[in-house]
Amino acid sequence: MPYLVEVESGDEIRSCAAPAGITLLDALQQQDIPVNTACHGQGTCGKCLIKLKKGFLPITACDREHFSEAQLAMGYRLSCQARPKVSCSISVPTQFNLNRLPRLTWHASPSSYPSPRIIAAVDLGTTNVDIAFLDAETGTLIAQSNCLNRQIKRGYDVMTRLTYGIRGPKEAEDLQSLLVETLNRSWTTFLEEGKSHGIEDPTLERWIIAGNSCMTSCVWNEGLFELSQAPYRTTFSEMRTAPLPHDLLDKKCPPHPDPLPQGERGFIESPPIKEGDQGEMELKVSPLLVERDQSEMGLKVSPPLMGGDQGEGEWAATSPLVTTFPILGSFVGGDAAAAVLATGLDQAEKPTLLIDIGTNVELLLKYGEHLYVCSTPAGPAFEGGNISIGMRAEGGAITRIQRQNNSLACETIGGTYPKGICGSGLVQALAELVKEGWVKTDGEITSGQEEIGLTPKLSLTQGDIREFQLAKGALLTGITLLLEHVELRTTDLQQILLAGNFGEYLDLEAAMAIKMLPSLPLSQYKKCGNQSLEGAIALARNPDLTVRLEQIQTITSLVELALHDRFQEIFVKALTF
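Rules used in this analysis
- Residues numbered from 1 in each chain as written.
- Predicted model: local features only at pLDDT ≥ 70, side-chain atom pairs only at ≥ 80, totals over all residues.
- Heavy atoms only, no water.
- Helix = DSSP H or I, 4+ residues; strand = E, 2+ residues; numbered from the N terminus.
- Buried < 20%, exposed > 50% of the residue type's maximum accessible area, 1.4 Å probe, protein only.
- Contact = heavy atoms within 4.5 Å.
- Areas by Shrake-Rupley, 256 points an atom, 1.4 Å probe, with all protein chains shown as cover.
- Pairing = 2+ DSSP bridges.
- Axes fitted to C-alpha atoms, helices over the stretch in contact; angles between N-to-C directions.
- Parallel < 35°, antiparallel > 145°, perpendicular 65-115°, else oblique.
- Left-handed = near helix turned anticlockwise from the far one by under 90°.
- Nonpolar A, V, L, I, M, F, W, Y, C, P; charged D, E, K, R; others polar.
- Phe/Tyr/Trp six-rings, centres within 6.5 Å; stacked < 30°, edge-to-face > 60°.
- Lys NZ or Arg CZ within 6 Å of the ring centre and 35° of its normal.
- pLDDT = per-residue confidence, 0-100.
- Core = buried A, V, L, I, M, F, W, Y, C linked by side-chain atoms within 4.5 Å.
- Salt bridge = Lys/Arg side-chain N within 4 Å of Asp/Glu carboxyl O.
- Polar contact = N/O pair within 3.5 Å; in protein donor to acceptor, adjacent residues only side chain to side chain.
- Arc of directions from axis to C-beta.

### Thoughts on the overall build of the chain
The helix and strand tally for the chain stands at 16 helices and 26 strands. Buried residues in the chain amount to 58% of all 577 residues. A separation threshold of at least 6 residues defines the contact pool for the chain, and within that pool the share at least 24 residues apart is 69%. Accessible surface computed for the chain: about 24,000 Å², of which carbon and sulfur atoms make up 49%.

Structure below.
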C-alpha cells in the first residue's frame, strides 16, 4: 500500500505516492524532484537531506551519523534511508524545478531574420543552460533561452554525475539523453513561441556547444571514466563537429574506441552511414581528421531536435551538426575556451586573471606569452544548490540583507516576498552577518543555534554556512596556488575578469570582506557576464575563429592544483571569513 507524501519543494507543494519499502529518495526522483546525492543512495554522503514537517519518519543509524540531536529533533532525515510507514509531509531543500518550461527572451523583429535557418549557440552549464538562437544568414540574435540542466536529477555537481555515469553503459547513456532532453525542450519552446513572432517552420542547422569537460564528454558519451579518476584527463581535447543520429533510443551503445594518441587534435567529421552498410567501421586516426562510425556517438535525439521524419536508424538529411569547443585541460573545458575567445584574454599583454565562477570554478591567467589554467570544484552553492533556502536568481530571491535593530530586513529580486536566497545574495548576507557578529570568522553561528532567521519562514542553517565555506575556500585556494605557480602576487594583477552570471551580480566589496576574492581596488575588477555563451555566439557568426581556438590551445598550460604540496594548508586557511 503506497503512503501519501506531501512535498514542499521551493515554491511548489505537490503530493506523491511512496510504495511501502521504497525510499523517499527514489519516490522524489520519480517525480522529477531533484535531490542531491553524491553517493547515489548509499547513506554515506549526507547530502540528500529532507525535513519532516508532519507525520513520522524513523531515525536511522545513518541519520545519527550525519545530524546532531538538535537537527534530528527539528526533523532532518536522509531521504535515501527514509522509508515512510505512514503518510507524512516533508520539505526538500531545493529550488530546482524541472517542470518549468525554458524561459525565452525575444530580441529581434521578424524583419531582422529573413532566413528560416537557425543556429543555436549553447552555454551548457552544470546547473544552468543558456541558448542563443541566431539567424544563420545574418547572425542576428533572435531569442535567448534559459533552463535547468536536466542532469541535476543525477547530482548537483560534476563528480557526482561522473560517479553515476561510470556505473555502466545505461547510466552513461542516461546522462547523454538528459542533455539532449534539455536542448530539445528549449528548441521545442522556441518553435511554439516562434509562431507568434513570425517564425514559421524554421530549420535548425547547427548546435554550437560550449560546455565544461564533463558536459562535453557527456555530449559525445565518451571518456567519463578517465575524467572521474586521477589524473582526471579526457580522452579527447580537440574541437569536434559531427552530425547526430536520428534515433538510437532502442539501440545499445557500442564500446568506446581507444583514446586518441597524445597530441592528436582536429575536427571529428563523419560521413552519413550508407544504406545497408551497418557493419563495424575501422577507427582511422590522422593529425587533422578522425572518422568514426556515427553510431559510436550513441546520442539519443528526439525528433524535435532533429527535424524530419526519417525512419529508425537512418540519418536525417536535415539533421543539424553539433560542434563542441576544445577542452583546454582536465576540468578546464570548452566553456573556458569560449570565454577566452569572447574576452580576448589570449591577447592580453599584462597579467590578467579570468575567473568563471560556477559549480566548477575555472581560473585562467594570461601572463607573458602563456595562458595558465586550472579548475577547482566549488559545488553548486554559488548557484543556490545544497543551500536549504537556495534558489536561482529570479523573482523572490534575497539579494541583500541589512540589520534593523535586532532583526534583519531583506531585499529581493522584483521586490516580492522572499522565497529563498540566490548565490550572490548569500555572499552579501554572510558578509553582513560576519560584520554584525552573528557569524564568527570560523563560520560558526555565534548564538550556538543551528539556524539564523532571515524572515519568519526562511532561515540560514549552520550547514548552509559550511557548504558556502567549502565553495569560497576552493575558489580562493585556486587563485592563490595559480599565482604562486608563476611567482606572482595578487598586486601584480592588472585586471580580474569575472565571467558567468554569478559574477555579474556579485557584490565585490562583500566578496572581498569574507575573503572570497583578493582585496584589490574595485577598478581592477571587470564583470563580463556570460562569456561562455558570447564565445559560442561569436563562433556561430564567424567559423574562421576555429583557427584562433587552435592557437589558444597551443599557448595553454594546465596547472594541477591537487598535486600542490601546500594545497591542504591553503585550503584550510581559505575557509575562514
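### Focus: the sheet that holds strand E1 (residues 3-9)
An order of E2-E1-E5-E3-E4 is seen for the 5 strands of this open sheet, with the pairing classed as mixed. Because the sheet does not close on itself, it has two edges, and the strands there are strand E2 (12-18) and strand E4 (76-78). Each strand of the sheet is rotated relative to its neighbour by a mean of 35°, with strand direction disregarded. With 5 bridges connecting them, E1 and strand E5 (residues 88-92) associate as parallel partners. Note on E5: the bridge partner recorded for Val7 is Ile90.

### Some details on the packing of helix H9 (residues 334-343) against helix H15 (residues 545-554)
Contact geometry of H9 with H15 gives a least axis separation of 11 Å together with a crossing angle of 110°. Taken together, the axis directions place H9 and H15 in an arrangement best described as roughly perpendicular. The chirality of how H9 crosses H15 is right-handed. Along the contact surface, H9 presents Ala337, Val340 and Leu341, while H15 presents Leu545, Arg548, Leu549 and Ile552. Of the residues contributing to the contact of H9 with H15, the split by class is 6 nonpolar, no polar and 1 charged.

### Comments concerning unusual backbone geometry
Looking along the chain, the bond that leaves Ala230 and enters Pro231 is cis, with omega of 10°. Position of Pro231 relative to the elements: it lies in the loop between helix H7 (224-228) and strand E11 (240-243). Phi at Tyr232 takes a positive value of approximately 60°, unusual for a residue other than glycine. The residue Tyr232 is located in the loop between H7 and E11 in this model. Backbone geometry at Lys515 places phi at a positive 60°, although glycine is not the residue there. By the secondary structure assignment, Lys515 is in the loop between helix H13 (508-513) and strand E25 (525-529). Overall, Lys515 belongs to the partly exposed group, its relative accessible area being 43%.

### Some points on the sheet that holds strand E16 (residues 352-356)
Read from one edge to the other, the open sheet built from 6 strands follows the order E25-E24-E16-E17-E18-E26, with strand pairing classed as mixed. Edge strands, defined here as strands with exactly one partner in the open sheet, are E25 and strand E26 (556-558). Strand-to-strand, the axes of this sheet are offset by a mean angle of 20°, without reference to chain direction.

### What to know about the packing of aromatic side chains
Throughout the structure, instances matching the rule amount to 9 aromatic pairs. A ring pair is formed by Phe133 and Trp187, whose centres lie 6.0 Å apart and whose planes are at 40°; its orientation type is tilted. Of the two residues, Phe133 is situated in strand E8 (residues 128-135) and Trp187 in helix H5 (residues 169-194); the sequence distance between them amounts to 54 residues. Look at Tyr232 and Phe331: their rings are 6.0 Å apart centre to centre, the planes differ by 45°, and that puts the pair in the tilted class. Linking Tyr232 in the loop between H7 and E11 with Phe331 in the loop between strand E15 (321-324) and H9, this pair joins segments that are 99 residues apart in sequence. On the basis of relative accessibility, which here comes to 31%, the residue Tyr232 falls in the partly exposed class. Counting every residue linked through ring pairs, the aromatic cluster contains Trp106, Phe133, Trp187 and Phe190. In this structure, Arg240 packs its charged tip against the face of Phe236, placed 3.8 Å from the ring centre.

### Overview of the confidence of the model for the chain
For the chain, the average pLDDT comes to 84, and 86% of its residues sit at 70 or higher. Across residues 246-317, confidence stays below pLDDT 50; counting only partners more than four residues off in sequence or on other chains, it has 142 contacts.

### A closer look at the pairing of E5
In regular strands, side chains alternate between the two faces of the sheet. In terms of burial, E5 is largely enclosed, as 5 of its 5 residues are buried. Alternating residues of E5 divide into Cys88, Ile90 and Val92 and Ser89 and Ser91, and every residue in both groups is buried.

### Overview of the nonpolar core
Within the largest apolar cluster, 59 residues are counted, with the highest numbers of intra-cluster contacts made by Ile355, Phe382, Leu475, Met516 and Leu517. Counting only elements with at least two residues in this core, the list comes to E16, strand E17 (360-367), strand E18 (370-377), strand E19 (397-404), helix H10 (423-435), helix H11 (462-485), strand E24 (495-499) and H13. In terms of residue count, the dominant contributor to this core is H11 (8 residues). Residues within four places of Ile355 in sequence aside, it is in contact with Val361, Glu362, Leu363, Leu475, Ile479, Ile496, Leu497, Leu498, Ala499 and Leu517. With 37 residues, the next largest nonpolar core counts Leu179, Trp207, Leu224 and Val322 among its residues.

### With respect to the pattern of salt bridges
Any two side chains of opposite charge can pair, given that their charged atoms come close. Taken as a whole, this structure holds 24 salt bridges when the rule is applied. Of the charged contacts in the structure, one is a salt bridge between Glu432 and Lys435, with a shortest N-O distance of 3.6 Å. Taken as a pair, Glu432 and Lys435 lie in helix H10 at a separation of 3 residues, close to a single helical turn. On the basis of relative accessibility, which here comes to 11%, the residue Glu432 falls in the buried class. Salt bridges sharing common partners tie together Asp32, Arg150, Lys153 and Glu181.

### A look at the environment of Thr323
Looking at the element boundaries, Thr323 is found in strand E15. Separated by 213 residues in the primary sequence, Thr323 and Ala536 place their C-alpha atoms 9.8 Å from one another. Setting aside residues up to four positions removed in sequence, Thr323 forms contacts with Arg206, Trp207, Ile208, Ile209, Met239, Arg240 and Thr241. A polar atom in the side chain of Thr323 sits 2.7 Å from the side chain of Arg206.

### Focus on H15
Turning to H15, its buried residues are Leu545, Thr546, Arg548, Leu549, Ile552 and Gln553. Taken around the axis of H15, the buried residues stretch over an arc of 155°, which confines them to a single face.

### Structural notes on the side chain of Thr412
Relative to the elements of secondary structure, Thr412 occurs in strand E20 (residues 407-412). On the basis of relative accessibility, which here comes to 13%, the residue Thr412 falls in the buried class. A polar contact is formed between the side chain of Thr412 and the backbone oxygen of Thr416, at a distance of 2.6 Å.

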